[in-house]
Amino acid sequence: MNSEKVEHLIRHEFNNAQVYVEGTGANYNVTVVSDYFEGMKPVQKQQAVYRALQESISSGAIHAVNIRTFTVAQWESSV
């Protein structure tokens, strides 16, 4: 697994999202910016991203992932 593959898996699940992935091997830091998250609780946002990566996590290709999620408005106000 590499960061480009992780990014591809997330982009496939979240159309028009900004996706930033750092890491190598089986450990990644992921940031996803999407209006899909509007109105969701933090745990729901995390679960949505985990769903996109579930197969790779189950297979062991991804061992650890740190996920940060933002709506577009939250992202713009944090930058």
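A brief structural summary. (Residues numbered from 1 in each chain as written. Predicted model: local features only at pLDDT ≥ 70, side-chain atom pairs only at ≥ 80, totals over all residues. Heavy atoms only, no water.)

1. Considering the pattern of salt bridges
Okay, step 1: With the rule as written, the count across this model stands at one salt bridge.
Okay, step 2: The closest approach of N and O atoms between Arg11 and Glu7, which form a salt bridge, is 2.8 Å. Of the two residues, Arg11 and Glu7 both sit in helix H1 (residues 3-13), four residues apart, roughly one turn of that helix.
Okay, step 3: On the basis of relative accessible area, Arg11 is assigned to the partly exposed category, the value being 35%.
Okay, step 4: Glu7 gets classed as partly exposed once you look at its relative accessible area, which sits at 26%. (Salt bridge = Lys/Arg side-chain N within 4 Å of Asp/Glu carboxyl O. Helix = DSSP H or I, 4+ residues; strand = E, 2+ residues; numbered from the N terminus. Buried < 20%, exposed > 50% of the residue type's maximum accessible area, 1.4 Å probe, protein only.)

2. Some remarks on the nonpolar core
Okay, step 1: In terms of nonpolar packing, the biggest core is built from 18 residues, with Val6, Ile10, Phe14, Val30, Val32, Val49 and Leu53 touching the most fellow members.
Okay, step 2: Those elements that place two or more of their residues in this core are H1, strand E1 (18-24), strand E2 (27-33), helix H2 (42-59) and strand E3 (64-70).
Okay, step 3: Per-element tally for this core: the top contributor is H2, with four residues.
Okay, step 4: Beyond its immediate stretch of four places on either side in the chain, Phe14 contacts Tyr36, Phe37, Ala48, Val49 and Ala52. (Core = buried A, V, L, I, M, F, W, Y, C linked by side-chain atoms within 4.5 Å. Contact = heavy atoms within 4.5 Å.)

3. Side note on the sheet that holds E1
Okay, step 1: Read across the open sheet, the three strands follow the order E1-E2-E3; overall the sheet is mixed. In the strand order of this sheet, the two ends are held by E1 and E3, each with one partner. Ignoring which end each strand starts from, the neighbouring axes of this sheet average 10 degrees apart.
Okay, step 2: Relative to E3, E2 is paired through seven bridges, and the arrangement is parallel. Directly across from Val33, in E3, lies its bridge partner Phe70.
Okay, step 3: Each of E1 and E2 touches H1; the most contacted strand, E1, lies at about 150 degrees to it.
Okay, step 4: Contacts from H2 reach E2 and E3, with the element oriented near 145 degrees to E3. (Pairing = 2+ DSSP bridges. Axes fitted to C-alpha atoms, helices over the stretch in contact; angles between N-to-C directions.)

4. Brief notes about the environment of Asp35
Okay, step 1: Mapped onto the elements, Asp35 comes out in the loop between E2 and H2.
Okay, step 2: Asp35 sits in the partly exposed class, given a relative accessible area of 49%.
Okay, step 3: As for Asp35 and Ala73, which are separated by 38 residues in sequence, their C-alpha atoms are 8.2 Å apart.
Okay, step 4: Residues within four places of Asp35 in sequence aside, it is in contact with Thr71 and Val72.

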